[in-house]
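Breakdown of the fold
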Amino acid sequence: MILAIANQKGGVGKTTTALNLAAALAMRGRKTLLIDLDPQGNSSMSYVDLRTVERSMYDVFVEKDVGLADILQPTGLEHLFVAPSRIALAKLEGRLSGELDAPFKLKEQIDQVRDEFPQIVIDCPPALGLLTVNALVAATHILIPIQSSYFALEGTDDLLETIEKVRLRPNPELRILGVVITMHDKRTALARDIREQITKVFGEKVFRTVISKSVRLEESPAYRESIFTFAPDSSGATEYYSLCEEVMDRV
């Protein structure tokens, strides 16, 4: 499985979902790679000290002699490795504009490590540019986190349109694995209404597991830990492990 976690809307729990889902997959005993394509590097910072990282995904995209295998960083979690990002990735679009194979660069790199990593999770940036397109071209599945808020569905039409364009030619095998509702506060009537609204739009694609609003989930990346080691008894740990089980069932 190569799972792209994407939503061009920022602040929807995309990175939290990527880093904790990757951790949950690794905890199942299968070698897992978390690829950070967000120039902010939040997934990377949750597991490694970026000050010690010499080469990142930017180098993989622009340097011919640097491959994905050359930049992999171990994490504190057995079976989990990270391909780190740095702010330089923000310059990638301009650097690669005009190159015919630009949307396929990530796929070519993943093909070289695919046998080593049965599970690959890609944290996409909050935009529908070249980096996200690279992720969609390389992925077998896409998971869409949608925040339980008033503007939850804003922009999802653009994302679905981009997915369809990628499926038309470069990656006809790409499947929407599902939609996960994040930052949900079940105490409010608004959150319940929005959950119903999301379910009306996406139907059976919506995961049964809902990720609740949680201080623990927000804190864990600052300590360079997944929710499973930072607060193993928290609701966040239970929910993300449950989401992992659903993901594997659907795959």
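Worth saying up front: this structure is predicted, and the values here are computed from it rather than measured.

Examining helix 8 (residues 156-168)
With 13 residues, helix 8 should cover 18 Å at 1.5 Å per step; its first-to-last C-alpha distance of 18 Å lies within 8% of that length. Buried within helix 8 we find T156, L159, T162, I163 and V166. The arc that holds every buried residue of helix 8, seen down its axis, measures 120°, which confines them to one face. In helix 8, the exposed residues that point more than 90 degrees away from the buried face are D157, K165 and L168. At its buried positions, helix 8 is contacted by helix 7 (130-138), strand 6 (141-147), strand 7 (175-182) and helix 9 (189-202).

Considerations on the pattern of salt bridges
Here the structure, examined in full by the defined rule, presents 14 salt bridges. A salt bridge links K105 to E99, with the nearest nitrogen and oxygen atoms 3.4 Å apart. Relative accessible area serves as the criterion here: at 34%, E99 is assigned to the partly exposed category. The closest approach of N and O atoms between R216 and E219, which form a salt bridge, is 3.4 Å. Linking R216 with E219, this pair stays in helix 10 (residues 215-219), spanning three residues, or about one helical turn. Given a relative accessible area of 42%, R216 falls into the partly exposed group.

Quick notes on the pairing of strand 6
Among the seven residues that make up strand 6, seven are buried, leaving the element largely enclosed by the rest of the structure. Residues H141, L143, P145 and Q147 point to one face of strand 6 and I142, I144 and I146 to the other, with burial holding for every one of them. Sheet topology note: the strand 1 (residues 2-5)/strand 6 ladder contains three bridges and is parallel. Among the inter-strand pairings, L3 is bridged to a residue of strand 6, identified as H141.

Details of the pairing of strand 5 (residues 119-123)
Judged by how many residues are buried, strand 5 sits mostly within the fold: five of five residues are covered. Going residue by residue along strand 5, you find Q119, V121 and D123 tucked away on one face and I120 and I122 tucked away on the opposite face as well. As judged from the four bridges shared by strand 1 and strand 5, these two strands associate in the parallel manner. Bridge assignment links I5 to a residue of strand 5, and that residue is D123. Pairing of strand 2 (residues 32-36) with strand 5 involves five bridges; the strand directions are parallel. Of the residues in strand 5, the one forming a bridge with L34 is V121.

What counts, and where the lines are drawn
The residue numbering used here restarts from 1 in each chain and proceeds along that chain's sequence as written. Only residues with pLDDT of at least 70 are given local features in this predicted model, and only at 80 or more are side-chain atom pairs given and counted; all residues enter the totals for whole chains, interfaces and linings. Neither water nor hydrogens contribute to the side-chain values; these are computed over all heavy atoms in the structure. Each helix is a run of DSSP H or I of at least 4 residues and each strand a run of E of at least 2, with the numbering of both proceeding from the N terminus. One less than the residue count of a helix, multiplied by 1.5 Å, gives the span that helix is expected to have. Note on classification: 1.4 Å probe, protein chains only; a residue is buried when its accessible area is under 20% of the maximum for its type, exposed when over 50%, partly exposed between these limits. The arc in question is the one spanned by the directions pointing from the helix axis to the C-beta atoms. Throughout, a contact is declared for two residues whenever any of their heavy atoms are within 4.5 Å. Just to be clear on terms, a salt bridge is a Lys or Arg side-chain nitrogen sitting within 4 Å of an Asp or Glu carboxyl oxygen. The pairing criterion is simple: DSSP has to find at least two bridges between the two strands.

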